[in-house]
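As a plain string of letters, each chain reads:
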Amino acid sequence: MTLRSKALFVHLLTATGAVLAMLAMLKAVQGEFSLMFLWLLGALIVDGVDGPLARRYDVKKNWPTYDGVLLDLIIDYLTYVFIPAFALFHSGLLPGWTGWLAIIVITYASVVYFADTRMKTKDCSFAGFPACWNMVVLVLFAVQPSFWVMLGVVVVLSGAMFTNLRFIHPVRTARWRAVSLPVAIAWTGFAVWSAWVDFDPTSWARWGLIASSAYLLLVGLVQQALPPAEKAT
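Cut-offs and rules
- Residues numbered from 1 in each chain as written.
- Predicted model: local features only at pLDDT ≥ 70, side-chain atom pairs only at ≥ 80, totals over all residues.
- Heavy atoms only, no water.
- Salt bridge = Lys/Arg side-chain N within 4 Å of Asp/Glu carboxyl O.
- Buried < 20%, exposed > 50% of the residue type's maximum accessible area, 1.4 Å probe, protein only.
- Axes fitted to C-alpha atoms, helices over the stretch in contact; angles between N-to-C directions.
- Helix = DSSP H or I, 4+ residues; strand = E, 2+ residues; numbered from the N terminus.
- Parallel < 35°, antiparallel > 145°, perpendicular 65-115°, else oblique.
- Left-handed = near helix turned anticlockwise from the far one by under 90°.
- Contact = heavy atoms within 4.5 Å.
- Nonpolar A, V, L, I, M, F, W, Y, C, P; charged D, E, K, R; others polar.
- Lys, Arg positive; Asp, Glu negative; His and termini not counted.
- Expected span 1.5 Å × (residues − 1).
- Core = buried A, V, L, I, M, F, W, Y, C linked by side-chain atoms within 4.5 Å.
- Patch = residues over 30% accessible without salt bridge, like charges linked within 9 Å, V, L, I, M, F, W, Y side chains within 5 Å.
- Areas by Shrake-Rupley, 256 points an atom, 1.4 Å probe, with all protein chains shown as cover.
- Phe/Tyr/Trp six-rings, centres within 6.5 Å; stacked < 30°, edge-to-face > 60°.

**Student:** Please explain the pattern of salt bridges as it appears in this structure.
**Tutor:** Applying the stated criterion to the full structure yields three salt bridges. A salt bridge links Lys27 to Glu32; the nearest nitrogen and oxygen atoms lie 3.6 Å apart. By relative accessible area, which is 23% here, Lys27 ends up partly exposed. Across the pair Arg118 and Asp116 runs a salt bridge whose closest N-O atoms are separated by 3.0 Å.

This is the structure:
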């Protein structure tokens with residue numbers, strides 16, 4: 001397979017996220033949220049794999065006809081934001097006006113954030129919460145706190161998108177990646193297991209989700225508070 005063919009394959013791999021998004025949306029409409037999240041987790045895995053492949057095969061140079069960044073953003077908005085927001089509303093976990101407020105805040109704030117050219121930092125982290133609502137909503141389904149707590153999480157994280165608070169990219173942020181990447185993989189495993197057992201509250205997977213989510217959410221803030229020591233010259 002030529003380098004150009006490999007670059008095209010990466011674009012086509014990214015595009016499968018659109019199909020996974022549609023399959024997830026169909027399950028969300030039917031109220032089958034466990035299956036919806038399994039499809040979204042499949043899209044998350046594709047999103048985690050296609051980036052390193054795109055850089056390895058230099059898709060911008062070897063297949064510039066397709067804009068991989070634009071393709072990725074379209075699919076990410078569907079799978080990270082739109083479908084999880086719909087599921088949160090459609091599930092009834094946020095009743096009445098709280099559900100309406102949540103979907104308006106999530107979808108509006110996230111689309112503005114996605115258009116912000118300053119979202120990436122020099123160390124390949126994110127400036128502001130990176131609108132990973134697929135992960136947040138899955139944890140809310142697994143833990144099911146009171147709707148006031150859920151609403152608070154939505155409002156606080158939506159506001160955090162427009163701050164300079166640091167949030168890591170588990171694959172691209174080099175600092176502490178030896179820990180962050182395994183934690184992200186573990187989070188995915190806990191998420192798959194939790195959805196597979198239909199968010200059974202007795203499953204140990206929920207505690208794994210809580211622990212790994214706390215790390216992924218807070219480690220960037222810790223790195224920001226503890227900048228790396230400068231090397232002696």
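**Student:** Please explain the packing of helix α6 (residues 133-143) against helix α8 (residues 177-196) as it appears in this structure.
**Tutor:** When two helices pack together, their arrangement is given by the angle between the helix axes and the distance between those axes. Viewed as axis vectors pointing N to C, α6 and α8 meet at an angle of 50 degrees, and their least axial separation amounts to 11 Å. Relative to α8, the element α6 is oriented oblique. Relative to α8, α6 is oriented so that their crossing is left-handed. Packed against α6, whose contacting residues are Met135, Leu138, Val139 and Ala142, the element α8 presents Trp187, Ala191 and Ser194 at the interface. Tallied by class, residues from the contact of α6 with α8 come to six nonpolar, one polar and no charged.

**Student:** Honestly, the side chain of Asp47 in this entry has me stumped. Any pointers?
**Tutor:** Checked against the element boundaries, Asp47 lands in helix α2 (residues 33-56). No salt bridge forms around the buried Asp47; measuring N to O, its nearest opposite-charge neighbour Arg55 is 9.0 Å away. Setting aside residues up to four positions removed in sequence, Asp47 forms contacts with Asp72, Asp76 and Tyr80.

**Student:** It is not clear to me how α2 should be interpreted in this structure. Could you clarify?
**Tutor:** Side chains of residues three or four places apart in an α-helix project in the same direction, reflecting 3.6 residues per turn. Between its terminal C-alpha atoms α2 stretches 35 Å, which fits the 34 Å expected from 24 residues at 1.5 Å a residue. In the stretch just after α2, Asp58 is the one whose phi turns positive, near 45 degrees.

**Student:** Just checking my understanding: could you explain the nonpolar core for this structure?
**Tutor:** When a protein is soluble and globular, its nonpolar side chains tend to lie buried together. Judged by nonpolar contacts, the single largest core of 55 residues is most densely connected at Met36, Phe37, Leu88, Phe129, Trp133 and Trp187. Listing elements by their share of this core, those giving two or more residues are α1 (3-29), α2, α4 (68-90), α5 (96-114), α6, α7 (147-160), α8 and α9 (205-225). It is α6 that contributes the most residues to this core, eight residues altogether. Of all hydrophobic cores here, the second largest spans six residues; its members include Ala7, Val10, Ala54 and Val59.

**Student:** Would you mind going over the environment of Ala127 with me for this structure?
**Tutor:** Mapped onto the elements of the fold, Ala127 is located in strand β1 (residues 126-127). Put simply, Ala127 and Phe9 are 118 residues apart on the chain and 30 Å apart in space, counted from C-alpha to C-alpha. Residues in contact with Ala127, not counting those within four places in the same chain, are Tyr113, Arg118, Met119, Thr121, Met161, Thr163 and Leu165.

**Student:** Even after reading the chapter, I still don't get the packing of α1 against α2, so can you show me in this structure?
**Tutor:** Contact geometry for α1 and α2: axes closest at 8 Å, N-to-C directions at 170 degrees. By the angle class used here, α1 and α2 are roughly antiparallel. As α1 packs across α2, the resulting crossing turns out to be left-handed. Two secondary-structure elements touch here, α1 through Val10, Leu13, Thr14, Thr16, Leu20, Leu23, Ala24, Lys27 and Ala28 and α2 through Phe33, Leu35, Met36, Trp39, Leu40, Gly42, Ala43, Val46, Val49, Asp50, Leu53 and Ala54.

**Student:** Honestly, a nonpolar patch on the surface in this entry has me stumped. Any pointers?
**Tutor:** Together, Trp100, Ile104, Tyr108, Val111, Val112 and Phe162 give the surface a local cluster of nonpolar side chains, amounting to about 650 Å² of exposed area. Tracing the sequence through the fold places Val111 in helix α5.

**Student:** What am I meant to see in unusual backbone geometry here?
**Tutor:** With glycine set apart, most residues show a phi of negative sign, and most peptide bonds adopt trans. One non-glycine residue, Asp58, adopts positive backbone phi at about 45 degrees. Relative to the assigned elements, Asp58 resides in the loop between α2 and α3 (59-62). For Phe199, which is not a glycine, the phi torsion comes out positive at approximately 55 degrees. Checked against the element boundaries, Phe199 lands in the loop between α8 and α9. For Phe199, a relative accessible area of 8% translates into the label buried.

**Student:** Help me understand the packing of aromatic side chains, please; the structure alone is not making it clear to me.
**Tutor:** The geometry of an aromatic ring pair is captured by the separation of the ring centres together with the interplanar angle, meaning the angle of the planes. Taken as a whole and judged by the stated rule, the model has 13 aromatic pairs. Aromatic pair Phe37 and Phe141: ring centres 5.1 Å apart, planes at 70 degrees, arrangement edge-to-face. Placement of the pair is Phe37 in helix α2 and Phe141 in helix α6, with a sequence separation of 104 residues. Given the relative accessible area of 5%, Phe141 is considered buried. Relative to Trp204, the ring of Phe190 has its centre 5.7 Å away and its plane inclined at 85 degrees; by these criteria the two rings are edge-to-face. Pair noted here: Phe190 is in helix α8 and Trp204 is in the loop between α8 and α9, with a separation of 14 residues, a long-range link.

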